[in-house]
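Summary of the model geometry
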Amino acid sequence: GAVVSQHPSWVICKSGTSVKIECRSLDFQATTMFWYRQFPKQSLMLMATSNEGSKATYEQGVEKDKFLINHASLTLSTLTVTSAHPEDSSFYICSAPWLEGEGEQYFGPGTRLTVT
Amino acid sequence: AQSVAQPEDQVNVAEGNPLTVKCTYSVSGNPYLFWYVQYPNRGLQFLLKYITGDNLVKGSYGFEAEFNKSQTSFHLKKPSALVSDSALYFCAVRDTLDQTGANNLFFGTGTRLTVIP
């Protein structure tokens, strides 16, 4: 099956710094990728939809200036958490939809961000 | 608007016994329903889906789920649990009337299944 990778798998940064998370589709092209945030014991919350060659679509309540998304190619989307604060600490997951599917998605393994 | 509810945070079952993980949903149109499983340190993996047709759908690893329109439920089941089934299970729904995003899925809060040897 198709594979989606994320890098890094975990990162610790100081408050006020920026962190970039990469999401790659390894053996298929993805014109669309999704970025989720998962809190402990909570569901995945869709943050934004990343579109290759155009601006990302952000969900209500998600600060687009804080969570910068760039979908530079058909196999790479990046999420940059700018001026990170401790409340940004979370598990960030990306996914790409199956081309022939009806909603199924391939998920990356996630990135654990801890802001100190 | 769509929503998914998984009423149980934790389900414990003895190895070899049948298991059920519950899920109910709410959508405006017709639902596309999915189950995903998340193992430690790994991404979510697709288990099965209901789009249309037979209410009982079969998926990976011996799992199945039954779509019940009147009860708006899509419970995940397996006749005989294995210790290796222990993981976090997510139910998800896509509302066919929702045209705001391509393949947007709404997830439940997850149910942690523990199979006791």
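Relevant structure appears above.
Right, let's walk through the structure included here. Counting starts from 1 at the beginning of each chain's written sequence and moves along it residue by residue. Note on labels: chains are lettered from A, ligands numbered from 1, in written order. The predicted origin of the model limits local features to residues at a pLDDT of at least 70 and limits the giving and counting of side-chain atom pairs to 80 or more, whereas totals for whole chains, interfaces and linings rest on all residues. Excluded from the side-chain calculation are hydrogens and water; included are all heavy atoms of the structure.

Regarding the overall build of chain B
The test is simple: In this description a helix means any DSSP run of H or I spanning at least four residues, a strand means any run of E spanning at least two, and both kinds are numbered starting from the N terminus. Just to be clear, the radius of gyration here is over C-alpha atoms, and the globule rule we use is 2.2 Å times residues to the power 0.38. We call a residue buried when its accessible area falls under 20% of the maximum for its residue type, exposed when it is over 50%, and partly exposed in between, using a 1.4 Å probe and counting protein chains only. When charges are tallied, Lys and Arg are placed among the positive residues and Asp and Glu among the negative ones, while His and the ends of the chain are skipped. Charge positions are represented by NZ for Lys, CZ for Arg, CG for Asp and CD for Glu.
Helix and strand content of chain B: zero helices and 12 strands. Ordered by position in the sequence, the α and β elements of chain B form the string β-β-β-β-β-β-β-β-β-β-β-β. Taking 13 Å as the expected radius of gyration for a compact globule of 117 residues, we find that chain B reaches 14 Å, a close match to that expectation. Seen through its principal axes, chain B has C-alpha atoms that stretch 45 × 30 × 25 Å. Counting only residues that meet the buried cut, chain B has 50% of its 117 residues in that class. Once the 9 positive and 9 negative side-chain charges of chain B are each reduced to a mean point, those two points are 3 Å apart.

A few points about the sheet that holds strand 7 (residues 67-73) of chain A
All names here are of chain A. We apply this condition: Pairing between strands is defined by DSSP: at least two bridges between them are needed. Fitted lines through C-alpha atoms give the axes, limited to the stretch in contact for helices. The angle between two N-to-C directions lies from 0 to 180 degrees.
Across the sheet, which stays open at both edges, the four strands sit in the order 1-3-8-7 with antiparallel pairing between neighbours. The open sheet terminates on both sides in strands that have one partner only, identified here as strand 1 (4-7) and strand 7. Between one strand axis and the next, the sheet turns through 20° on average, direction left out of account.

Topic: the environment of V37(B)
Using the following cut-off: Note on contacts: a residue pair qualifies if any of its non-hydrogen atoms lie within 4.5 Å across the two residues.
Looking at the element boundaries, V37(B) is found in strand 5 (residues 31-38). Dropping the residues within four chain positions of it, V37(B) is found in contact with G43(B), L44(B), Q45(B), L47(B), A87(B), L88(B) and Y89(B).

Structural notes on the state of the cysteines
Residue and element names in this part refer to chain A. We count it as follows: Cysteine sulfur atoms are paired as a disulfide whenever they fall within 2.5 Å.
This structure, assessed with the given rule, holds two disulfides over all chains. Here C23 pairs with C94 through a disulfide, and the sulfurs are 2.0 Å apart. Taking the torsion about the sulfur-sulfur bond, which here is approximately 80°, the covalent link between C23 and C94 counts as right-handed. Within this pair, whereas C23 is found in strand 3 (residues 19-25), its partner C94 is found in strand 9 (residues 90-97), the two being separated by 71 residues in sequence.

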